[in-house]
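Okay, here's what each chain looks like letter by letter:
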Amino acid sequence: RAKEYIEAASSLLEEAEEELKKDDLRQAAEKVWSAAALAVKAYALWREGKRLASHGELWEYKSIMANELGDWVRNSWSHAVHMHTCFYEGWCDEGDVREALKAVEKLVEEVGKKVS
């Protein structure tokens, strides 16, 4: 199941790129956020068979990941959270989404290496 989460996260990042091409920043932002959430869920499932079911659990597990993989995880997570806000508020611009996309791509790739 962890591999399925990563596959879905990768697909969402591709979809985010497509949304950017259509200038739909809100949809791109939400897909970036969703990919990050799935990466955290994949890590928790791979590491200890734990299924995360809430935003609070994602935040908690992000810290475990940062302790194990490095503080860059916090940066990727922070970018993703901003994208979740962007979806609802529409405050971000294309540069914000592209920067978040890059940070979350790293998160998905690194977790993907662990779970494969």
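For the structure itself, look to the data block above.
Just so we're clear, the structure is a prediction, and the values are computed from it rather than from any experiment.

Would you mind going over the packing of aromatic side chains with me for this structure?
Think of a pair of aromatic rings as described by two things: how far the centres are apart, and how the planes are tilted against each other in angle. Taken as a whole and assessed by the stated rule, the structure comprises five aromatic pairs. Between F87 and Y88, the aromatic rings sit 5.0 Å apart at their centres with planes inclined by 80 degrees, giving edge-to-face as the arrangement. Overall, the relative accessible area of 54% leaves Y88 in the exposed class. An aromatic cluster is present here, built from W33, W59 and W77 joined pairwise through their rings. In this arrangement the basic side chain of K106 is found over the ring face of W72, its NZ or CZ atom lying 4.4 Å from the centre.

Teacher, can you tell me more about the pattern of salt bridges here?
As a working rule, side chains carrying opposite charge can pair if their charged atoms are close by. Summed over the entire model, instances satisfying the criterion amount to ten salt bridges. Among the ionic pairs, E17 bridges to R98, the shortest N-O distance being 3.7 Å. Residue E17 is found in helix α1 (residues 2-21), and its partner R98 is found in helix α5 (residues 94-115); the two are separated by 81 residues along the sequence. Among the residues examined, E17 registers a relative accessible area of 28% and is labelled partly exposed. Under the relative-accessibility criterion, R98 is labelled partly exposed at 36%. Overlapping salt bridges, with partners in common, bring together E17, E94 and R98 in one network.

Looking at this structure, I do not really get the environment of K113. What am I missing?
Structurally, K113 is set in helix α5. Here the alpha-carbon distance between K113 and E18, two residues 95 residues apart in the chain, equals 25 Å. Among the polar contacts made by the side chain of K113, one reaches the side chain of E110 at a distance of 3.1 Å.

I keep staring at the nonpolar core and nothing clicks. Help me out?
Most often, soluble globular proteins have nonpolar side chains that are buried together. In terms of nonpolar packing, the biggest core is built from 43 residues, with W33, M65, M83, V97, V104, V108 and V111 touching the most fellow members. Put simply, the parts of the chain that give this core at least two residues each are α1, α2 (25-48), α3 (55-69), α4 (72-89) and α5. Here this core gets 15 residues from one element, more than from any other, and that element is α2. Excluding its chain neighbours within four sequence positions, the residues that come into contact with V111 are I6, A39, A42, Y43 and M65.

The rules we used
Residues numbered from 1 in each chain as written. Predicted model: local features only at pLDDT ≥ 70, side-chain atom pairs only at ≥ 80, totals over all residues. Heavy atoms only, no water. Phe/Tyr/Trp six-rings, centres within 6.5 Å; stacked < 30°, edge-to-face > 60°. Buried < 20%, exposed > 50% of the residue type's maximum accessible area, 1.4 Å probe, protein only. Lys NZ or Arg CZ within 6 Å of the ring centre and 35° of its normal. Salt bridge = Lys/Arg side-chain N within 4 Å of Asp/Glu carboxyl O. Helix = DSSP H or I, 4+ residues; strand = E, 2+ residues; numbered from the N terminus. Polar contact = N/O pair within 3.5 Å; in protein donor to acceptor, adjacent residues only side chain to side chain. Core = buried A, V, L, I, M, F, W, Y, C linked by side-chain atoms within 4.5 Å. Contact = heavy atoms within 4.5 Å.

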